[in-house]
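Reading the structure
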Amino acid sequence: MLDRAQVHKVAHLARLQLTEEEEEKMTTQLGDILGYFEQLNELDVSGVEPTTRAIDVSNVVRADTLQPYAEREAMLESAPDRDGDFFKVPKIVNAD
């Protein structure tokens, strides 16, 4: 399935310097991994929906509701620069 020359080539492409013993060990280990994937390819998954996780995960978040700030004027007064009821900030968008 996988030979040492292929492992050597992949190691070279990945800029890895493996000793002969490491190449031999990687040949065995990668061969086992590829063999496992071959077993998985034999499964009939035609009725299985694709997924990225084994279990359903969702974020628990609070509802996003509008809540006016009671001290609005105090907050605006603490701003370095303002324009009426708004904060005034430097322009950061490039014209490019």
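Before reading on, note that the structure itself is shown above.
To keep things clear, this report deals only with the structure shown in the data block.

Cut-offs used in this document
Residues numbered from 1 in each chain as written. Predicted model: local features only at pLDDT ≥ 70, side-chain atom pairs only at ≥ 80, totals over all residues. Heavy atoms only, no water. Helix = DSSP H or I, 4+ residues; strand = E, 2+ residues; numbered from the N terminus. Buried < 20%, exposed > 50% of the residue type's maximum accessible area, 1.4 Å probe, protein only. Polar contact = N/O pair within 3.5 Å; in protein donor to acceptor, adjacent residues only side chain to side chain. Salt bridge = Lys/Arg side-chain N within 4 Å of Asp/Glu carboxyl O.

1. What to know about the side chain of glutamate 23
- For glutamate 23, the location among the structural elements is in helix H2 (residues 20-41).
- You can call glutamate 23 buried: its relative accessible area is 8%.
- Within the structure, the side chain of glutamate 23 is placed 3.3 Å from the side chain of arginine 4, a separation counted as a polar contact.

2. Some remarks on the pattern of salt bridges
- The final tally for this structure, using the stated rule, is 4 salt bridges.
- A salt bridge links glutamate 23 to arginine 4; the nearest nitrogen and oxygen atoms lie 3.3 Å apart. Of this pair, glutamate 23 sits in helix H2 while arginine 4 sits in helix H1 (residues 4-13); the two residues are 19 residues apart in sequence, bridging distant segments of the chain.
- Put simply, glutamate 73 and arginine 82 hold a salt bridge, and the shortest N to O gap is 3.0 Å.
- Accessibility expressed as a relative area gives 30% for arginine 82, which makes it partly exposed.
- Ionic contacts of the salt-bridge type, sharing partners, join the residues Arg4, Glu20, Glu23 and Glu24 into one network.

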